[in-house]
Structure formats: structure tokens, C-alpha cells
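Here is what each chain is made of, one letter per residue.
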Amino acid sequence: MRIKLLITGGTIDKVYDELIGKLVFQQTYLIDMLNRSRSMVDTLSEVLFLKDSLDMSDIDRALIVKKCQESDTRHILITHGTDSMVRTAKLLAKEVNNKTIVLFGSMIPYSINYSDALFNLGVALSAVQIKEYGVYITMNGQVFDFDKVKKNKEIGIFTLL
């Protein structure tokens, strides 16, 4: 089973720039994460863009949909910022059929100690292999149906609606 990994940015790929005192994008860390976790899953990665999900446009979301529709694999992982992950998942569920799509990200960048990034990647890799066709979000050790989840900003985790 080959899994397509679409990379769109989000906190998972941010690093702290000490000169400006902010989290920024330099590159994706997903290949490093797969290697570090010793993953033996057959993946094909593609960087679509590196953006905070609050900065994603309708054009960006249309590109994600198009890439999913055009993919020759039926198993797709998408890195995504957590703030608008549910919005993108709803659009994918409406526009893409006969594929298992799992969106995931992190609350703490991979580049920072005690990040949840590797754990979330592991859950997402497992979920995309065992779930039926549909759109899912994996965060905090859980697999959610796209339409039954929300980001709870008060406690910093994803929860059921």
C-alpha cells in the first residue's frame, strides 16, 4: 500500500527564529520525522506549500482537493495547521470520493522539545491504513470523523463535538 503525503505547513513544520522572536517556516521536517520514527510505510511526499492554516486561501484549499482527486493512491495523509483543519476536511469530504484521507498536525512544532508531532504522525499513518474510505482528523492520540470534531482552543486539544 502506497500512501501519498501532502505537506501544507502548519505548526508541525515551524521553527523558532530567534532574530525576530517568532515561529516561521524554513523547510518541511516530514521526511526527517519518517526517518526518525523508522517508518517502513511506503510513502510518496509532495510539498504543496508551507503556510499557517489561518493564512490558507480558497485557492490553497482547491489545490489540496485537486491533488487528492488526481492521486493514483487511495490513501492520503495531509499535514495541516490545526486552526482551519476541520474546514479543509469538510471540503475534502464533499469533493473527494473513494479515498481514505487523514489530516494531522501538531500543537507544538516538531523542532521543539516535547512536540506532539511524531506521535500525531504515527497515529495518522496507522489510521490511513486501517480506516474505510472517508475523511478523518487525527490529533491527541485519537481518530475523529471529520464532521464530529473541533479544536478546543481553551484546553489546546481536539475533542468530539
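Preceding block: the structure.
Remember, it's a predicted structure, so these values are computed and weren't measured experimentally.

Draft legend 1. Geometry of the overall build of the protein. Scanning the protein from N- to C-terminus turns up four helices and 10 strands. On C-alpha atoms alone, the protein measures out to a radius of gyration of 14 Å, which is about the 15 Å that the 2.2 N^0.38 rule sets for 161 residues. Seen through its principal axes, the protein has C-alpha atoms that stretch 45 × 35 × 30 Å. Split into buried and exposed, the 161 residues of the protein put 46% on the buried side. Per element, the accessible surface of the protein, about 8500 Å² overall, is 49% carbon and sulfur. Where the 20 positive side-chain charges of the protein centre and where its 19 negative ones centre are 3 Å apart.

Draft legend 2. Quick look at the pairing of strand 3 (residues 22-25). By the bridge criterion, four bridges tie strand 2 (residues 14-17) to strand 3 in an arrangement that is antiparallel. Its bridge partner lying in strand 3, Tyr-16 is registered against Leu-23. In this structure, the hairpin formed by strand 2 and strand 3 is closed by a connection of four residues, where Gly-21 is found at a positive phi of approximately 70°.

Draft legend 3. Just the nonpolar core, in detail. Formed by 22 residues in total, the largest nonpolar core has its most connected members in Cys-68, Ile-78, Leu-92, Ile-101, Leu-103 and Ile-137. Elements with a minimum of two residues in this core: strand 4 (42-51), helix 2 (58-70), strand 5 (75-79), helix 3 (85-95), strand 6 (100-104) and strand 7 (134-139). The dominant element in this core, judged by the number of residues it contributes, is helix 3, at four residues. Apart from the residues lying within four places of it in its own chain, the contact partners of Ile-137 are Met-85, Val-86, Ala-89, Leu-103, Gln-142, Val-143, Phe-144, Val-149 and Phe-158.

Draft legend 4. Quick peek at the environment of Thr-79. Within the secondary structure layout, Thr-79 lies in strand 5. Residue Thr-79 is classed as buried on the basis of its relative accessible area, which comes to 0%. Measuring from C-alpha to C-alpha, the distance between Thr-79 and Ser-111 comes to 15 Å, with 32 residues separating the pair along the chain. Filtering out sequence-adjacent residues up to four positions away, Thr-79 remains in contact with Leu-5, Leu-6, Ile-7, Thr-8, Gly-9, Ile-12, Leu-30 and Phe-104.

Draft legend 5. Expanded view of the pattern of salt bridges. Tallied over the entire structure, the rule returns 11 salt bridges. For Lys-14, the salt bridge is made with Asp-52, and the minimal N-O distance between the two is 2.7 Å. Linking Lys-14 in strand 2 with Asp-52 in the loop between strand 4 and helix 2, this pair joins segments that are 38 residues apart in sequence. Among the salt bridges present, the one from Glu-70 reaches Lys-66, with a minimum N-O distance of 3.7 Å. A residue pair is termed a helical-turn pair when its members lie 3 or 4 positions apart in one helix, as Glu-70 and Lys-66 do in helix 2 at four residues. On the accessibility criterion, Lys-66 (42% relative accessible area) is partly exposed. Where salt bridges share partners, they join Lys-4, Glu-46 and Lys-67 into one cluster.

Draft legend 6. Structural context of helix 3. Turning to helix 3, its buried residues number three or more, namely Met-85, Val-86, Thr-88, Ala-89 and Leu-92. One face of helix 3 carries all of its buried residues, which in axial projection span an arc of 160°. Where helix 3 is buried, its residues touch helix 2, strand 5, strand 6, strand 7, strand 9 (149-152) and strand 10 (157-160).

The rules we used
- Residues numbered from 1 in each chain as written.
- Predicted model: local features only at pLDDT ≥ 70, side-chain atom pairs only at ≥ 80, totals over all residues.
- Heavy atoms only, no water.
- Helix = DSSP H or I, 4+ residues; strand = E, 2+ residues; numbered from the N terminus.
- Rg over C-alpha atoms; globule rule 2.2 N^0.38 Å.
- Buried < 20%, exposed > 50% of the residue type's maximum accessible area, 1.4 Å probe, protein only.
- Areas by Shrake-Rupley, 256 points an atom, 1.4 Å probe, with all protein chains shown as cover.
- Lys, Arg positive; Asp, Glu negative; His and termini not counted.
- Charge placed at Lys NZ, Arg CZ, Asp CG, Glu CD.
- Pairing = 2+ DSSP bridges.
- Core = buried A, V, L, I, M, F, W, Y, C linked by side-chain atoms within 4.5 Å.
- Contact = heavy atoms within 4.5 Å.
- Salt bridge = Lys/Arg side-chain N within 4 Å of Asp/Glu carboxyl O.
- Arc of directions from axis to C-beta.

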